[in-house]
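Descriptive analysis of the structure
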Amino acid sequence: MDKTRGILIGRMQPIHNGHMQVIKQILEEVDEIIIGIGSAQLSHESKDPFTAGERVVMISHALFEAGIDPSRYYIIPMQDINFNAIWVSHVKMLTPPFSIVYSGNPLVKQLFSEEGFEVRQPPLYDRLHLSGTEVRKRILEDGNWQELVPNATADVINEIKGVERIKNLSIKEISEI
């Protein structure tokens, strides 16, 4: 039996409760989901503090914590190639076959539509608060960032000393101005 497989690509810096709600919603529509970790080559920057490997661990632990069957997802780091005309081919080369693309990004939607893929806009959940930007901002301000992420994500961030990393990266970048 053929499985319906969808793909969701995001930086997941870090994975938060909004991502988790989107993933659960997508899994109601498809048999399997490919979670593409975008900008996998970036790390140790204010906007992209975590490595691809750290994000894989965060995502896999958060999905396990949510009780999502590991046979229903693939987590694949994807480096940026900054070459839009061949980006879809690049993604296809890195992943199992898929038929549905979930994205709210206009460029991603355009590129995959041009290649004949069905593109669906995933629902956004409390986008004002549930964003990686908000999580990182609260970390810098000593706010309650933990309420925005799965417990498993908070555990990994604490384990890798992610709070200290984000604060140190912020100091470094401020001093460079």
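In what follows, the structure referred to is the one given above.
Residues numbered from 1 in each chain as written. Predicted model: local features only at pLDDT ≥ 70, side-chain atom pairs only at ≥ 80, totals over all residues. Heavy atoms only, no water.

**Focus: the pattern of salt bridges**
Tallying each qualifying case throughout the model produces nine salt bridges. A salt bridge links Asp-142 to Lys-167; the nearest nitrogen and oxygen atoms lie 2.2 Å apart. With a gap of 25 residues between them, Asp-142 in the loop between α5 (132–140) and α6 (151–159) and Lys-167 in helix α7 (residues 162–175) connect regions that are remote in the sequence. Note on Asp-142: relative accessible area 61%, which makes it exposed. Classification of Lys-167 by relative accessible area gives partly exposed; the value is 24%. What emerges from the salt-bridge pattern is a single network uniting Glu-134, Lys-137, Arg-138 and Glu-147. (Salt bridge = Lys/Arg side-chain N within 4 Å of Asp/Glu carboxyl O. Helix = DSSP H or I, 4+ residues; strand = E, 2+ residues; numbered from the N terminus. Buried < 20%, exposed > 50% of the residue type's maximum accessible area, 1.4 Å probe, protein only.)

**Side note on the pairing of strand β2 (residues 32–37)**
Counting buried positions along β2 yields six of six residues, so the element is predominantly enclosed. Here β2 shows a buried face lined by Glu-32, Ile-34 and Gly-36 and a second buried face lined by Ile-33, Ile-35 and Ile-37. Across six bridges, the pairing between strand β1 (residues 5–10) and β2 is parallel. By the bridge assignment for β2, Arg-5 is matched with Glu-32. One crossover worth recording links β1 to the parallel β2 by way of helix α1 (residues 17–29), and it is right-handed. Where β2 and strand β3 (residues 73–77) come together, five bridges link them in parallel fashion. By the bridge assignment, Ile-33 is partnered in β3 with Tyr-73. On the question of chirality, the crossover connecting β2 to the parallel β3 by way of helix α2 (residues 52–65) is right-handed. (Pairing = 2+ DSSP bridges. Right-handed = clockwise from strand over helix to strand, strands pointing away.)

**Quick look at the layout of surface pockets**
Taken as a whole, the largest pocket spans an internal volume of roughly 1000 Å³. Ile-9, Gly-10, Arg-11, Ser-103 and Asn-105 are the residues nearest the centre of the largest pocket, which is lined by 39 residues in total. When the residues that make up the lining of the largest pocket are grouped by side-chain class, the tally is 17 nonpolar, 17 polar and five charged. (1 Å grid on protein atoms, 1.4 Å probe; cavity = no way out; pocket = protein on both sides within 12 Å on 5 of 7 lines; lining within 4 Å. Points joined across faces, edges and corners; volume = space filled by probe spheres on them. Nonpolar A, V, L, I, M, F, W, Y, C, P; charged D, E, K, R; others polar.)

**Quick word on the nonpolar core**
One finds Ile-23 and Leu-63 to be the most contacted residues of the largest nonpolar core, which totals 33 residues. Taken together, the elements giving at least two residues each to this core come down to α1, β2, α2, β3, β4 (100–102), α5, α6 and α7. Here this core takes five residues from α1, the largest share from any one element. Counting 13 residues, the second-largest nonpolar core is a separate cluster that includes Ile-76, Trp-87, Val-101 and Phe-117. (Core = buried A, V, L, I, M, F, W, Y, C linked by side-chain atoms within 4.5 Å.)

**Regarding the sheet that holds β1**
Across the sheet, five strands lie side by side as β3-β2-β1-β4-β5; this open sheet has parallel pairing. Both edges of this open sheet fall to β3 and β5 (118–120), since each of them pairs with a single strand only. Adjacent strand axes in the sheet meet at a mean angle of 25° when their direction is disregarded. (Axes fitted to C-alpha atoms, helices over the stretch in contact; angles between N-to-C directions.)

**With respect to the side chain of Glu-32**
Following the sequence through the fold, Glu-32 ends up in strand β2. Here Glu-32 is in contact with Lys-3, Thr-4, Arg-5, Gly-6, Leu-27, Ser-71, Arg-72 and Tyr-74, once residues within four sequence places are set aside. (Contact = heavy atoms within 4.5 Å.)

**Some thoughts on the pairing of β1**
Counting buried positions over the six residues of β1 gives five, a clear majority of the element. The sheet contact formed by β1 and β4 spans three bridges and is parallel. Bridging from a neighbouring strand, Ile-7 pairs with Val-101 of β4.

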